[in-house]
Amino acid sequence: MKITLAKGLNAGLRKAMEDDPKVLIMGEDVGKLGGVFRITDGLQKDFGEDRVIDSPLAESGILGTAVGMAMRGYRPVCEIQFDGFVYPAYDQIVSQVAKLHFRSQGKVRMPMVIRIPFGGGIGAVEHHSESPEAQFAHTPGLKVVACSNPVDGYWMIQQAIASDDPVVFLEPKRQYHADKAELDESATPAPLFSSRVVRSGTDVTLLAYGPTVKTCLAAAEAAAREGRSLEVIDLRTLSPLDMGPVLESVRRTGRAITVHEAHVNLGMGAEVAARITEQCFYALESPVLRVGGFDTPYPPSRIEEDYLPDLDRVLDAVDRAMEF
Amino acid sequence: MKITLAKGLNAGLRKAMEDDPKVLIMGEDVGKLGGVFRITDGLQKDFGEDRVIDSPLAESGILGTAVGMAMRGYRPVCEIQFDGFVYPAYDQIVSQVAKLHFRSQGKVRMPMVIRIPFGGGIGAVEHHSESPEAQFAHTPGLKVVACSNPVDGYWMIQQAIASDDPVVFLEPKRQYHADKAELDESATPAPLFSSRVVRSGTDVTLLAYGPTVKTCLAAAEAAAREGRSLEVIDLRTLSPLDMGPVLESVRRTGRAITVHEAHVNLGMGAEVAARITEQCFYALESPVLRVGGFDTPYPPSRIEEDYLPDLDRVLDAVDRAMEF
Amino acid sequence: MTTDVFSASQAAWNGEGPELVQLLTPEGERVDHPGISLDLGSPEEEAEVIRGFYRDMVLTRRIDTEATALQRHGELGIWAQLLGQEAAQIGSGRALRPQDFVFPTYREHGVAYCRGVDPLDLLGLFRGVDQGRWDPAEHNFGLYTIVIGAQTLHGVGYAMGIQRDGAVGTGDPERDAGVIAYFGDGASSQGDVNESFIFAASYNAPVVFFCQNNQWAISEPIERQSRIPLYQRALGFGFPGVRVDGNDVLATYAVTRAALQRARDGQGPTLVEAYTYRMGAHTTTDDPTRYRLSSDLEHWKLKDPIERVRVYLKRNGLADADFFGDVEAEAGRLGEHLRTGCKELPDPSPLSIFDHVYAEQTDELAVQKEGFAAYLESFDAEGATR
Amino acid sequence: MTTDVFSASQAAWNGEGPELVQLLTPEGERVDHPGISLDLGSPEEEAEVIRGFYRDMVLTRRIDTEATALQRHGELGIWAQLLGQEAAQIGSGRALRPQDFVFPTYREHGVAYCRGVDPLDLLGLFRGVDQGRWDPAEHNFGLYTIVIGAQTLHGVGYAMGIQRDGAVGTGDPERDAGVIAYFGDGASSQGDVNESFIFAASYNAPVVFFCQNNQWAISEPIERQSRIPLYQRALGFGFPGVRVDGNDVLATYAVTRAALQRARDGQGPTLVEAYTYRMGAHTTTDDPTRYRLSSDLEHWKLKDPIERVRVYLKRNGLADADFFGDVEAEAGRLGEHLRTGCKELPDPSPLSIFDHVYAEQTDELAVQKEGFAAYLESFDAEGATR
Ligand SMILES: Cc1ncc(C[n+]2csc(CCOP(=O)(O)OP(=O)(O)O)c2C)c(N)n1
Ligand SMILES: Cc1ncc(C[n+]2csc(CCOP(=O)(O)OP(=O)(O)O)c2C)c(N)n1
Ligand SMILES: [Mg+2]
Ligand SMILES: [Mg+2]
């Protein structure tokens, strides 16, 4: 069966709800409408209003009540409608969700998933195209993952729901209804908190997640035509980071470039670069370079493609890395 | 006159209020009580309830109303009572305060200061010892500074208030009532957004801000007794970073260590390390090492000194850097 | 076990409080309300004002239909329609004095029009060429706010600034000022909106909270947000709440005018709930057939805010065919202005990304800008993208 | 210009709603209230319960005074005193059934005691050896929450879980459960608290919001947070609010019991405002002389929650000297338990910093822990710190 990312997530959510009656979905418009991106399409019809819960329009309320539900033994999956609207819930996420297990010395578990459609490129107005992942990855107690393709969407959402820790689950909204991929429901998925080499190469390692995986694959394809061999790693998990495949790759290539849509300043790339440098200092032929959104607010959509890292910006960084 | 940091900030606020009638102070308990740390002591008495405003107990409300006041031409200085309580205001800060100037193409200014007592070491309960600076530094549109001593406190708060951009102003609460320093009110202060070498050295560069400046100076003192020469830089400004003095130093020493209380993962050290590596790759004799709070929630206070970077942890990193 | 104390306190909101304030019925009949008077001067003056309201509403609707069409033609990325809410916006917008200040959501196109903002300027945000191009200080009309409810706190803060400027309760009609903060029924659930009530009450700030209860927050009906009429929310915070027929421009005008005067006079905040209906989709990307009945729509069509004024004017001989023809013509010209203007709205330059992040530009951003400029030039030099 | 609609709606909260519910006056006299009955069985049974309340309050006060003293002696970093709030806490705490769940602030020591939490366990957070050592699921008593108001949303979510478990309105007294969420007068201004009202009303969740209005939020008086009595806040959200004399353990008990029963029966949320006074400082580090008058304190001393029960029991011959002596002795033993126990509360091991960050430990944290262990051992090896 060929599916889109939206469909993969929808099927994964459905599977998780079938498998475990404690799984609940909460959020704005997740019920009859099926969410503004239709990720929860049909679920309220099939699982009822008690399990697929339209919330009053208040993100702190959604996350705060989810905490209480988790304490009562439920596994809430909260949908934040757009990345830019997670901030009203920020306090509940970083001070409550992230800390309750630690504070209670393991007595209170927070098996919760916070789904956030993230990233730009859909021609939206402000607050609808942001990439808030670094702020969550900086918060101990949270786990943070990003899917990049339909098959991962299907498996990763189920794994995140099955996790006993709170997981911030980032979905590249630009990909929701884009490329299809073949889903084999009988396959055994890779562990949730693992990175994956998605294209092998020898000259430079590109490190991407979410929407930029596709960008990097395209860049690798273009570079190949010019005789350059780029390895592409889909980080998949941002906290914890799975540095194993990354270090293995960089030790071979000697060069790495991080690529994300979030602002470069204090973005994930900073951490990945710092760790690579700490751990393979002598293997590096050039500093780890970082390609990302500029250190400005997200611009009006007519120029968002200038703002977002694209194939050319990645290749430009490859040139710079090779020239070092 | 010898003053503490608390006194320096208090005197600086007073001066700013005298100089500009548009300067207002807002926050919880800032009035009669003078704030829980007494930083605003006596100001309501002298400037009245209209200029030193006790707010209802709601941080989003404080920041949100401050936005409106700034639009009306005022210069609000908001006090957040403790670092861990800034998060309810997070949305207003990152989505409104940080963006209004950009969104309005410069027509709406946000000359606002958000004062946050930050860091640990005071034996407090949870949420009272956090270091949220990286999250603000990752947000374009905000400027972020940290003072480390009484004299800087006096000048920097005035400069921050005079700035036409929103400034997150971090105050190392552990130092409020600690060491005194001589204040010369007729001196000309360094620019707000500048870093400063506070001790010269040749072997390793220590990069600190806020509470860890003192730690690093003590480490440098101890290292000197063992014949090692450490340079200490007080970053002072976290966004924008002032990389000039940092790069100049690292080009000389070839080794750098960042030291902060915030979690290492995606903390300021990651960004500083990444930039140093990008910009002086060939000058580096060792990777930039990072000393900081562990990637865990802030622990109970009886073990906070284990959690916080101290002189020994800094010297341990110095050893590791030298061994590279 | 008796639970009388609970029912006793519940009585406070059971059927109490004023009924829906209405001055013009859906059938176009003028009615009186014991609690408010329209008070528009002589019959001739009153007629003149009402004709003005009619014109305003027709033009506002035209802005909306043109923008919706422009979106369908790919000229706008999205559009937030106000169809059905014209009376709520014109009634309240026309109640403002120049010195009052407006904090809108993303749907207050009619209010913007009242504030003298060129409707063309409203399109920029939705076209994706800017994030609001008018000068808030010039029109006393803030930028559109998309994060639900955030602007209500800004409104209270601005009102506190007015207090500090000594521009409340002086009795000078040119000086005393108030704020109006718009929000939706859905937004009433946000912490920020409730905190804005608390701050406004605590400081007795000169602010009118104007809630357009259009019955829907995207797909969620009002019942999800509140189980009692929304105007009664104000009672819990200690200031008055009034429900007005939001499809009745006269009632909305009269109530808002009085609420603003209370604010300017130093009597503090008021919540006005304009009871109306979102006749269109939430935005042009929404599909309301997934979640609501077409019969509801039919029901509300009978309450159209413009039609009832047209009937009133006609039936009472207050406007002739010429008048209606002129308004139509003017609407036509406005439509043309929007159609041609929209396509000419300039795309921002890529390098503008770096401008206005700060009032005082930082060196690091200047470097990023230079780097990006050089990068862009490298393509020009190559003569093509890779 | 008339503004009648505003005054009309204001009438809803002017003097309406029930008066302060009181069943035992400050002078120790039993009085009746038309809206609520105490209903404690036979006179003997009632006396037994009231003696129990007395004992509970005395022990609670002892916990507080001991902890305050321990703080003064440097054994605790800080302590949040409840002096004066014993009746509010015991009255509400004793109204709970085992299956109910409590979401406390940082000051609910008396409620914790009612839930069977060893008072010693309350000291850990304030001593800095942990962040709450009791098992919430064992006592149906959540961890103390320091971020103001956050726990009220947790309470509503938990209550929604109870609904989904089918444990509301079944009529089975062992099964039907409710939640009680505590918060302070200051907290009532937080967005979270108001959102919790909205969610509770929207889902008709089985929750009692219990606000201890102790008149102060650190240095800010209640007037800063609300200009009307706090219990009336509930009216704005469509559920009942009741103000009870929070220094009257009988009234607090009766009102909370009824509110909880409403919740368990499926009648939805209630706000109970316990009108009381913070007799001590905000915490042991606070200095209330900077912001409030000692005459206020004198006034409230006359309303002491324990004294009035003592007088009542004595005057009516419901307790003899032996009883009072026994309670004193028990309080003495409790004090001793706290004094010795506190000093023996073990410091956590430095390496425990890394434990329980996650239910499933991450490799990176395991590495950090190992690294820190090795680092610590290096000192042991050296035999000394540098
Ligand atoms: C904080 C936040 N959460 C979610 C959204 C997405 N969103 C945009 S409009 C809307 C519904 C708003 O409903 P209402 O307040 O009734 O206003 P209306 O659109 O009906 O005018 C939602 C959920 C948002 N803009 N901001
Ligand atoms: C979000 C947040 N802001 C600020 C604080 C600091 N603080 C702790 S207690 C308190 C006052 C709370 O007053 P109230 O709600 O009346 O409860 P009380 O302490 O009187 O029991 C404040 C401001 C906090 N803990 N959390
Ligand atoms: Mg609506
Ligand atoms: Mg209080």
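Residues numbered from 1 in each chain as written. Chains lettered and ligands numbered in written order. Predicted model: local features only at pLDDT ≥ 70, side-chain atom pairs only at ≥ 80, totals over all residues. Heavy atoms only, no water.

Overview of the overall build of chain A
The cut-off we apply is this: Helix numbers and strand numbers start at the N terminus; a helix is a DSSP run of H or I with at least 4 residues, a strand a run of E with at least 2. Atoms counted for the radius of gyration: C-alpha only. Globule rule: 2.2 Å times the number of residues to the power 0.38. Here's how the labels work: a residue is buried when its accessible area is under 20% of the maximum for its type, exposed when over 50%, partly exposed in between, all with a 1.4 Å probe on protein chains only. By definition in these notes, contact holds between two residues if any of their heavy atoms fall within 4.5 Å.
Check the secondary structure of chain A and you find twelve helices and 14 strands. Relative to a compact globule of 324 residues, whose C-alpha radius of gyration would be 20 Å, chain A shows 19 Å and is just as compact. By the burial criterion, 73% of the 324 residues in chain A qualify as buried. Expressed as a percentage of contacts within chain A between residues at least 6 apart in sequence, the contacts between residues at least 24 apart total 82%.

Some remarks on the overall build of chain C
Defined as follows: Areas reported here follow the Shrake-Rupley algorithm with a probe of radius 1.4 Å; residue values treat only the protein chains shown as occluding. The charge count includes Lys and Arg as positive and Asp and Glu as negative, but it does not include His or the ends of the chains. In plain terms, the charge of a residue is placed at NZ if it is Lys, CZ if Arg, CG if Asp and CD if Glu.
On a plain count of helices and strands, chain C comes out with 14 helices and seven strands. With the principal axes as the frame, chain C shows a C-alpha extent of 80 × 55 × 50 Å. Residues counted as buried form 63% of the 386 residues belonging to chain C. When contacts within chain C are restricted to residue pairs at least 6 apart in sequence, long-range pairs at least 24 apart make up 74% of them. Taken as a whole, chain C presents about 12,900 Å² of accessible surface, with 50% of it coming from carbon and sulfur. Computed over 35 positive and 58 negative side-chain charges, the separation of the two mean positions in chain C equals 4 Å.

Quick notes on the state of the cysteines
To keep things clear, this is the line we draw: We call a pair of cysteine sulfur atoms a disulfide whenever their separation is within 2.5 Å.
Here the structure, examined in full by the defined rule, presents zero disulfides over all chains. In this structure C78 of chain B is not part of a disulfide, and its nearest cysteine sulfur, from C147 of chain B, lies 17 Å away. Looking at C78 of chain B, the relative accessible area reads 0%, which means it is buried. Just so you know, C114 of chain C is unpaired, no disulfide at all, and the nearest cysteine sulfur is the one on C211 of chain C, 18 Å from it.

Concerning the coordination of the magnesium ion (ligand 4)
All names here are of chain D. Inclusion rule: For Na, K and Ca the donor cutoff is 3.2 Å, while for all other metals N, O and S atoms must lie within 2.8 Å; water is not among the atoms, so some sites may look incomplete.
The protein atoms that coordinate the magnesium ion (ligand 4) are D185 (OD), N214 (OD1) and W216 (O), at distances spanning 2.1 Å. Read in sequence order, the donor residues for the magnesium ion (ligand 4) give the motif D-x28-N-x1-W. Placement of the pair is D185 in the loop between β2 (179-184) and α8 (191-203) and W216 in strand β4 (residues 216-217), with a sequence separation of 31 residues. On the accessibility criterion, D185 (2% relative accessible area) is buried.

Side note on the interface of chain C and chain A
Just so we agree on the cut-off: Put simply, buried area is how much 1.4 Å-probe accessible surface two parts lose in total, over both of them, once they are put together. Should a side-chain nitrogen of Lys or Arg be within 4 Å of a carboxyl oxygen of Asp or Glu, the pair is scored as a salt bridge. Nitrogen and oxygen atoms within 3.5 Å of one another constitute a polar contact, given that in protein one can donate a hydrogen and the other can accept it, and given that sequence-neighbouring residues count only through two side-chain atoms. For this classification, Asp, Glu, Lys and Arg are treated as charged, while Ala, Val, Leu, Ile, Met, Phe, Trp, Tyr, Cys and Pro are nonpolar and the rest, including Gly, are polar.
Taken together, the contact between chain C and chain A spans 43 residues of the former and 40 residues of the latter. Buried surface at the junction of chain C and chain A, summed over both partners, amounts to about 3,500 Å²; 56% is from carbon and sulfur atoms. Our count for the chain C to chain A interface comes out at two salt bridges. We note a salt bridge from R290 of chain C to D41 of chain A, for which the minimum N-O separation is 2.6 Å. Counting every contact that joins chain C to chain A gives 14 residue pairs in polar contact (both at pLDDT 80 or more). For the side of chain C that touches chain A, the secondary structure elements donating two or more residues are α5 (119-127), α9 (222-225) and α14 (363-382) of chain C. Among the elements that take part in the side of chain C that touches chain A, α14 of chain C stands out by supplying six residues, more than any other. For the side of chain C that touches chain A, the per-class residue count stands at 22 nonpolar, eleven polar and ten charged.

A look at the site of ligand 2
Put simply, the rule is: We call a residue near a molecule or strand as soon as one heavy atom of that residue lies within 4 Å of the molecule or strand.
Near ligand 2 there are 20 residues, and of these E59 of chain B together with Y106, R107, I146 and G186 of chain D occur at the shortest range. Residues near ligand 2 are shared among chains B and D, making this a multi-chain site. Side-chain polar atom of D185 of chain D to an oxygen atom of ligand 2: 2.8 Å apart, as the coordinates give it. Between ligand 2 and the protein, one listed contact pairs an oxygen atom with a backbone N or O atom of W216 of chain D at 2.9 Å. Surface burial for ligand 2 is 95%, taken as the share of its 580 Å² of free accessible area covered by protein chains. Grouping the amino acids of the shell around ligand 2 by side-chain chemistry returns ten nonpolar, six polar and four charged.

Observations regarding the sheet that holds strand β14 (residues 289-293) of chain B
Residues and elements named next belong to chain B. The line we're drawing: Any two strands with at least two DSSP bridges between them are considered paired. Lines fitted to C-alpha atoms define the axes here, with helix axes fitted over just the stretch in contact, and angles between the N-to-C directions of these axes take values from 0 to 180 degrees.
Strand order in this open sheet of five strands is β9-β11-β10-β13-β14, and the pairing throughout is mixed. Sheet topology places β9 (196-199) and β14 at the edges, where each strand pairs with a single neighbour. Strand-to-strand twist across the sheet, computed as the mean angle between neighbouring axes with direction ignored, equals 30 degrees. Relative to strand β13 (residues 256-263), strand β10 (residues 204-208) is paired through four bridges, and the arrangement is parallel. Within β13, the position partnered with A208 by the bridge is V259. Strand contacts of helix α8 (residues 212-225): β9, β10, β11 (230-234) and β13, with the helix running at about 170 degrees to β11, the strand carrying the most contacts. Here helix α10 (residues 268-279) sits on the sheet in contact with β10, β13 and β14, set at roughly 155 degrees to β13.

Brief notes about the packing of helix α3 (residues 59-71) of chain A against helix α7 (residues 150-164) of chain D
Going by this rule: Reported orientations rely on four angle classes, namely roughly parallel under 35 degrees, roughly antiparallel over 145, roughly perpendicular from 65 to 115, and oblique for the rest. What makes a crossing left-handed is the near helix being turned counterclockwise from the far one by less than a right angle; a clockwise turn instead makes it right-handed.
Axis separation between α3 of chain A and α7 of chain D bottoms out at 6 Å; the angle between their running directions is 55 degrees. Judged on the interaxial angle alone, α7 of chain D and α3 of chain A are oblique. By crossing handedness, the relation of α3 of chain A to α7 of chain D is classed as right-handed. Residues S60, G61, G64, T65, V67, G68, M69 and M71 of chain A of α3 of chain A form the contact with α7 of chain D, whose participating residues are L153, H154, V156, G157, Y158, M160 and R164 of chain D.

Some remarks on the site of ligand 1
Around ligand 1, the surrounding shell holds 20 residues, and the nearest of these are E59 of chain A together with Y106, R107, I146 and G186 of chain C. Each of chains A and C places residues next to ligand 1. The separation between a nitrogen atom of ligand 1 and a polar side-chain atom of E59 of chain A is 2.6 Å. W216 of chain C is positioned such that a nitrogen or oxygen atom in its backbone is 2.9 Å from an oxygen atom of ligand 1. Coverage of ligand 1 by the protein amounts to 96% of the 580 Å² it exposes when considered alone. In terms of residue class, the shell around ligand 1 is made up of ten nonpolar, six polar and four charged.

Remarks on the domain arrangement of chain A
Residues and elements named next belong to chain A. To keep things clear, this is the line we draw: An automatic or database domain assignment supplies the start and end points of every domain.
Taken as a whole, chain A is organised into domain 1 (2-182) and domain 2 (196-323). Each of domain 1 and domain 2 has a C-alpha centre, and these two points are 26 Å apart. Across the boundary between the two partners, domain 1 contributes 27 residues, which contact 23 residues of domain 2. Roughly 1,800 Å² is buried in total at the junction of domain 1 and domain 2, and carbon and sulfur atoms are behind 50% of that figure. Looking only at domain 1, the three residues that lose the most surface to domain 2 are E133, S148 and R174, adding up to 20% of its buried area. The tally of links from domain 1 across to domain 2 stands at four salt bridges.

Examining the sheet that holds strand β7 (residues 270-275) of chain D
Sheet strands associate in pairs through backbone hydrogen bonding, adopting either a parallel or an antiparallel arrangement. Residue and element names in this part refer to chain D. One open sheet holds the five strands; their spatial order is β1-β2-β3-β7-β6, and the pairing between them is parallel. The two strands at the open ends of the sheet, each matched to only one other strand, are β1 (101-103) and β6 (241-245). Averaged over all neighbouring strand pairs, the angle between strand axes comes to 20 degrees, with direction disregarded. Against the sheet, helix α3 (residues 86-93) contacts β2, β3 (207-213) and β7, and its axis sits at roughly 165 degrees relative to β3.

Thoughts on the packing of aromatic side chains
Two descriptors summarise a pair of aromatic rings, namely the distance from one centre to the other and the angle between the planes of the rings. Inclusion rule: Each Phe, Tyr or Trp ring, with Trp reduced to its six-membered ring, pairs with another whose centre is within 6.5 Å; inter-plane angles below 30 degrees give stacked pairs, above 60 give edge-to-face pairs, and intermediate values give tilted ones.
According to the stated counting rule, one finds 80 aromatic pairs over all chains in the structure shown. With a centroid separation of 5.9 Å and an interplanar angle of 35 degrees, the aromatic rings of Y282 of chain A and F324 of chain B are classed as tilted. In this pair, Y282 of chain A is assigned in the loop between α10 (268-279) and β14 (289-293) and F324 of chain B in the segment after α12 (311-323), connecting two distinct chains. Overall, the relative accessible area of 61% leaves Y282 of chain A in the exposed class. Measuring from centroid to centroid gives 6.4 Å for Y87 of chain B and Y90 of chain B, while their planes differ by 55 degrees, and the two rings are tilted.

Looking at the nonpolar core
What counts here: Remark: nonpolar core denotes a set of buried residues (Ala, Val, Leu, Ile, Met, Phe, Trp, Tyr, Cys) joined through side-chain atoms within 4.5 Å.
In this structure, L63 and I276 of chain A, L63 and I276 of chain B, F209 of chain C together with F209 of chain D are the most contacted members of the largest nonpolar core, which totals 174 residues. Non-local contacts of L63 of chain B, meaning those with residues more than four positions away in its chain, are made with C78, I80, A89, Q92, I93, V97, M112 and I114 of chain B. Grouped together as the second largest cluster of nonpolar side chains are 103 residues, A16 and I161 of chain B together with V21 and L250 of chain D included.

Points about the pattern of salt bridges
By the definition in use, this model includes 100 salt bridges over all chains. Across the pair K45 of chain A and D46 of chain A runs a salt bridge whose closest N-O atoms are separated by 4.0 Å. Judged by relative accessible area, K45 of chain A falls into the exposed class, the value being 75%. With a relative accessible area of 43%, D46 of chain A lands in the partly exposed category. E66 of chain C serves as the salt-bridge partner of R62 of chain C, at 3.6 Å between the closest nitrogen and oxygen. Taken together, the residues span about one helical turn, with R62 of chain C and E66 of chain C both in helix α2 (residues 43-72) at a distance of four residues. When salt bridges that share partners are traced, they join E271, R275 and E278 of chain A, R290 of chain B together with E364 of chain D into one network.

Focus: the side chain of E28 of chain A
Secondary-structure assignment places E28 of chain A in the loop between β2 (23-27) and α2 (43-47). Although buried, E28 of chain A forms no salt bridge, and the nearest oppositely charged side chain, R224 of chain C, lies 11 Å from it. Setting aside chain neighbours within four positions, we find E28 of chain A in contact with D54, S55, P56, L57, A58, E59, I62, E79 and Q81 of chain A together with E220 of chain C.

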